[in-house]
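Listed below, chain by chain, are the residues.
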Amino acid sequence: MAGIVCATRGGAGSRAVQEQAIKYAQQQECDLIFLYIIDVSGMDEADERLKPAVKEELYWLGRTLLQIAQRRAKNANISSEVVIREGNVQEEIRRYLRESSATILLLGAPRGTTTATFGDDAVEQMASDIQDQSGVPVEIVRPQEV
Amino acid sequence: MDFFALQGAAEEGSLIQTELAFVIILSLSALVALVSRRIRLPYTVALVIVGLALSFVPNPIDIDLSSELILVLLVPPLIFEATLNLRWEVLRRNLAVILLLAIVGTFLGTLIVGGIITVAGQTLVPELDVAPAAALAFGALISATDPVAVIALFRDLGVSKRLSVLVEGESLFNDGVAIVLFNIALTVGAVTATGEGESFTLSQGIVEFLRVFLGGLAVGAVLGYLVSTVILKNVDDNLIETATTVALAFGSFILAEQFHVSGVLAVVAAGIFVGNIGMQNTSPTTKITLNNFWEFAAFVVNSMVFLLIGLEADLSQFQLNLSLIAVALVAVLFSRTVVVYGLTWIHGRLQAQRRVPLKYRHAMFWGGLRGAISLALALSLTGSYFSDLIVQEFQLMTFGVVLFTLLVQGTTIGPLLERLGLTAISKPQQEQQRHQALLYATRAGRRELDRLYKDGIISAEIFQAMSNVYSHNLRSRNQELRELLVDYPELEQSMILQARKDLLEAERTAISDANQRGLISEDIYHELIRETDDRRAALDLIEMTMQGRADKE
């Protein structure tokens, strides 16, 4: 299934990236997939007991955020799918891109970041790595500064 | 004349005097709290300033700020209230660095301050020429940090839970450690000075320290566990349950001191048990009563402590002994620098994933205020330990350091946090809260309007007219909130997490209710409650991780 994949986590860039993805889906008349990755690697080994609960709550948060995104797409007359994966963010995105034969990946950037002239922006680095390893073009969408 | 009648009258006069002082303190506290909220000055700092101002004019507040008053009467409720709000999961995650700072840090701070005082006394300030044991006693007493002023500000500014727990946790544990080290230094000093009593080896000192430290925690843990699982779980009366927690706060302190172990640490352990187990075992009504009662108790006690600090400080003596206070300040700030930056750096090497961000270290360094415990220990010094002159000098230096940290660090920590970008309640979040509050208020008004109409208090015409205005207001408030979320989509995530927490709280109440009505067995009840609590703790963890990520960014 070829289509636009929009990875979202509910951060500052989430609305901008979702709107851009919806716009592309309208223009290209292709599938739109909203992707959320549950990544518990930040919660280290001592929280082992809580990990199942953390996963469940992140799943809950992800489902809610994806439903909001899906509703936005629906309001623009675009049908979309939602996918939740679990694992390392970068690895899971790459894996999904391979499985879904996506045409483009859109990523949101945190507020306050700019296009990194010297390539030191963490999101830009991640985008570059994903693009190199998956062969799928990656576009970063930055929120408007208010 | 009847002697007993005279004595009775005198006691009555003294009682009325104390009562009057208490009335004045409460009235002033209310006034100061009101004003300080408007000018965004920490309430405790404002109280000290008012106390200082009052000390220049005759006033009827005739309460001596004695060591006993602070330690036995004022400290237990303050510590108990602070620990009630400490969530075990968050504390546990940061326990390694907290204990490192509280135990190794206090020990290191004691040595550094003691060393600087000794060297300064032998070189720069001859009037401070004291024995090493005396210098160490001062080092210990001044190493206890007091988070009251800082934590209140943290709450106002919405600083991350992790930073609050780091500051509060360190302070709660280092109070106990400082007291133990202080007593060991006094014992060593007395033995050295008089040649009487058993001398101390380092290993004996460590064993003694561990006995007092762990013994205190054990006493508090046993009592806290009993109260949480027996009284709070089985008695369904908010007044009896609240009274029991008061008895626990003071009782754990007294019992531990009777066993010659740390009373302060006993209260810490008891409070943690009640806050994390007892509170979950009790009804929502009792929970609210307990929270309200302890919040009020802490307010009253803090008001007394900080107002009396201001009243007792003798500014004229400060002017005459500036060099002493300057030495103490340099020693305290230098030792804080080494302790905070040095130990958190070591911790970062050992637990890289839980490294304390540099911004947090700055806040922890400047937020290391000194307060009630330091003063209590300084005031407990008498001429029987060291000469009267040294006792006076140490008390003066302690007052100087406490006032400096409260008035200078306490008033500048807020701007520092803002500059470091650690104030979690950003402008958009403040706006979100304002919009949500206005929405709640407007909806409540609307419901009241419906009731007035249904009860026949207002006519249909008036109701219709007012109803239209309310509907319009509601629409525009909703629109404003939507626009805010468009500009700041990240607010959505925090709103979802907050809503989820509220939902889990409702689920928990429903499970407790089902248990009380006998619908589910004890086993099922415990299983479901544990599951819900894990989910609640997981949400805290998620929130903290997200906030930590933002703080690093």
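Everything numeric in this text was worked out from a predicted model, so none of it was measured.

Participant: Account for the confidence of the model for chain A, naming residues and giving values.
Facilitator: With 86% of its residues at a pLDDT of 70 or more, chain A shows a mean pLDDT of 84. Between residues 116-120 of chain A, whose pLDDT stays under 50, and residues either more than four places distant or in other chains, the model counts 4 contacts.

Participant: Account for the pairing of strand β1 (residues 3-7) of chain A, naming residues and giving values.
Facilitator: All names here are of chain A. Taking burial as the measure, the 5 residues of β1 include 5 buried ones, the bulk of the element. Bridge count for β1 against strand β2 (residues 31-38) is 5 bridges, and the pairing is parallel. Bridge pairing links Ala7 to Leu35 in β2.

Participant: Tell me about the sheet that holds strand β3 (residues 81-86) of chain A, and please be specific about residues and values.
Facilitator: All names here are of chain A. Taken together, the 5 strands give an open sheet; going across it, the order is β3-β2-β1-β4-β5, and neighbouring strands pair in parallel fashion. Looking along the sheet, the strands with just one partner apiece sit at the ends: β3 and β5 (138-141). Averaged over all pairs of adjacent strands, the angle between strand axes in this sheet comes to 25 degrees, irrespective of strand direction. When β2 meets β3, the two strands line up parallel, connected through 6 bridges. Considered in β3, the bridge of Ile37 is made with Arg85. Against the sheet, helix α1 (residues 14-28) touches β1, β2, β4 (104-108) and β5, its axis set at about 155 degrees to β4. Relative to β2, helix α3 (residues 89-100) is tilted by about 150 degrees, and along the sheet it contacts β1, β2, β3 and β4.

Participant: Tell me about the nonpolar core, and name the residues and values.
Facilitator: Among the nonpolar cores identified, the biggest contains 130 residues, and Val75, Ala137, Phe138, Leu141, Phe182, Ala185 and Ala270 of chain B are the most heavily contacted of them. Counting residues per element, this core draws most heavily on helix α8 (residues 161-194) of chain B, which supplies 16 residues. For this core, the two domains that each supply at least three residues are domain 1 (3-54) and domain 2 (67-420) of chain B. Grouped together as the second largest cluster of nonpolar side chains are 46 residues, Ala25, Leu107 and Ile130 of chain A together with Ala537 of chain B included.

Participant: Residue-level account of the interface of chain A and chain B, with values.
Facilitator: Taken together, the 22 residues of chain A in the interface contact 20 residues of chain B. At the level of elements, α1 and α2 (51-75) of chain A are the ones that each hand at least two residues to the side of chain A that touches chain B. Looking at the side of chain A that touches chain B residue by residue, the classes come out as 12 nonpolar, 5 polar and 5 charged.

About the thresholds
- Residues numbered from 1 in each chain as written.
- Chains lettered and ligands numbered in written order.
- Predicted model: local features only at pLDDT ≥ 70, side-chain atom pairs only at ≥ 80, totals over all residues.
- pLDDT = per-residue confidence, 0-100.
- Contact = placed C-beta atoms within 7 Å.
- Buried ≥ 20, exposed ≤ 12 C-beta atoms within 10 Å, placed from the backbone.
- Helix = DSSP H or I, 4+ residues; strand = E, 2+ residues; numbered from the N terminus.
- Pairing = 2+ DSSP bridges.
- Axes fitted to C-alpha atoms, helices over the stretch in contact; angles between N-to-C directions.
- Core = buried A, V, L, I, M, F, W, Y, C linked by C-beta atoms within 7 Å.
- Domains from an automatic or database assignment.
- Nonpolar A, V, L, I, M, F, W, Y, C, P; charged D, E, K, R; others polar.

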